[in-house]
Amino acid sequence: MTTASDSILHPFTNLSQTAPAPIRTFAKGDGLYVIGDDGERYFEAMSGLWSVSLGFSEKRLADAATRQLQSLPFYHIFMSSSHEQVRELAEALIARAPGQLAHVGFSTSGSEANETAVKAVWQYNNVLGRPQKKKIIARWDAYHGSTALAASLCGLPNMHSGFDLPLGPILHTGSPHHWRHAKPGETEEAFATRLADELEQMIQREGPDTIAAFIAEPIMGAGGVIVPPASYFDKIVPVLKKHDILLIADEIICGFGRTGTYWGSELCGIEPDILVCGKQLSGGYLPISATLMTDEIYSVIATETSRSGGFSHGFTHSGNPVCAAVANEAIRIYDERDIVAGVARKAEVFHAALREAFTGAEHVGEVRGVGLLGAVELAPEGDPRRSFADKAGALWARDIYETEKTVVRAVHDAVVLCPPLIVEEGDLIALVERLRRSYDRVLPQIRAL
Ligand code: PMP
């Protein structure tokens, strides 16, 4: 058996020499399935890393890459250079973006796109002559990436411990997970009001003229598929506006229909000053991400850079033409197949099936989600203030993988789901049946935890 102690530094993997994680090797993709090197077919209910929206064998994406590789395989967009694919993609993103977003920078990963957002905010405030306005408020439970600054924005302790993070002027405020963090008897509405009050207090404590931006995933993904209370952003946004604090929406998971709307921002009723997207931007096939910003931010940065020689930030593969060509094709497919409306329709079936299978079941604390994002969280006696110390989710996810041949992810005591957007209603029902069969099988072990 191949194990994690082999030659590769596998991310987010137990690398211990004594109990190395078994490595799962995949050889081929086929629609909703990936095929292991043992020939076994696995239903991929995580879309890889929340990314493979159109399944694992979309020929149009492969063809778009091939065509571009054969015409212009590389050109950069540094120092006044450009190419057709990146121009087309910028226009497509701006045309679809919520609110007033009118300019776009490109990177290759979500982490870099978030760093681009933060550096744009920092330069913006420097140019405006308020160099003290630099702090970024992120939230506990958030995931924003793995580079030092992006990991600092994360609100997950494992992203900080071991690396001397967070770095820089980063603060964290409360997570909007009502089930886990509400006080006994506190309604969603009262919980959202409390979070907005706590944000206001943090801003007052730190000094409003020191806070530059607030960054939020509309729906939190890697923290465990956390859907905020309906009025959460309605209460948070006025606090930000009052103190002239920019709103950055991290749509790396939510963008391109995942939530049943084109953007998670639409679902949450927000118009961010900066929007970050990636993953499904290229159907998850090639590394490309984008940081969209308002004309207000761009024009301030542009004023300064005409003096200093430019926005001194970018990556060799920012706007890579092959990645951009695949992203353009993915966006065309989303439009032609009306992927967003399809997600909204299928999501109803998905969540009804999840609720029916798990609400009120023994040791199930919460069934949650929106669009094609779902989670079933286990808890001792269903109590959110206690946990199984993260063993239950992993135990259940392992059984789902091994016995039901289905890839899901464990986050704390939850199993989270993010199937490709092309999934059909029947596939979703079958997925829930598999989860339930596995739950029935592992319940005795969960009782014993
Ligand atoms: N933001 C969010 C919301 C994410 O879910 C992720 C990746 N899971 C990232 C940022 C980081 O993206 P990447 O891994 O491409 O750097």
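These numbers come from a predicted model, not from an experiment.

Student: Hey, could you run me through the site of the ligand in this one?
Tutor: The environment of the ligand is formed by 17 residues, the closest being S109, G110, S111, G145 and I252. Among the elements of the structure, α1 (47–50) and α4 (110–127) are those that each provide at least two residues to the shell around the ligand. With three residues, the single largest contributor to the shell around the ligand is α4. Of the residues contributing to the shell around the ligand, the split by class is six nonpolar, nine polar and two charged.

Student: Would you mind showing me how to read the sheet that holds strand β10 (residues 289–294) here?
Tutor: Backbone hydrogen bonds hold the strands of a sheet together, and the pairing may be parallel or antiparallel. One open sheet accounts for seven strands, arranged β4-β10-β9-β8-β7-β5-β6; its pairing is mixed. The open sheet has two edge strands with one neighbour each: β4 (101–107) and β6 (170–173). Each strand of the sheet is rotated relative to its neighbour by a mean of 20°, with strand direction disregarded. Bridge analysis of strand β7 (residues 211–216) against strand β8 (residues 246–250) gives four bridges, and the strand direction is parallel. Across the sheet, residue F214 finds its bridge partner in β8, namely L247. Against the sheet, helix α3 (residues 84–96) touches β4 and β10, its axis set at about 135° to β4.

Student: How do you make sense of the domain arrangement of the protein when you look at a structure like this?
Tutor: One widely used convention gives an interface's size as the accessible area the parts lose upon coming together. For the protein, the domain assignment lists domain 1 (26–57 + 338–447) and domain 2 (72–336). Each of domain 1 and domain 2 has a C-alpha centre, and these two points are 27 Å apart. Mapped by element, the contributors of at least two residues to the side of domain 1 that touches domain 2 are α1, α13 (339–358), β11 (364–370), β12 (373–378) and β15 (414–417). A breakdown of the residues in the side of domain 1 that touches domain 2 according to their chemical character gives 17 nonpolar, nine polar and two charged.

The rules we used
Residues numbered from 1 in each chain as written. Predicted model: local features only at pLDDT ≥ 70, side-chain atom pairs only at ≥ 80, totals over all residues. Near = placed C-beta within 6 Å. Helix = DSSP H or I, 4+ residues; strand = E, 2+ residues; numbered from the N terminus. Nonpolar A, V, L, I, M, F, W, Y, C, P; charged D, E, K, R; others polar. Pairing = 2+ DSSP bridges. Axes fitted to C-alpha atoms, helices over the stretch in contact; angles between N-to-C directions. Contact = placed C-beta atoms within 7 Å. Domains from an automatic or database assignment.

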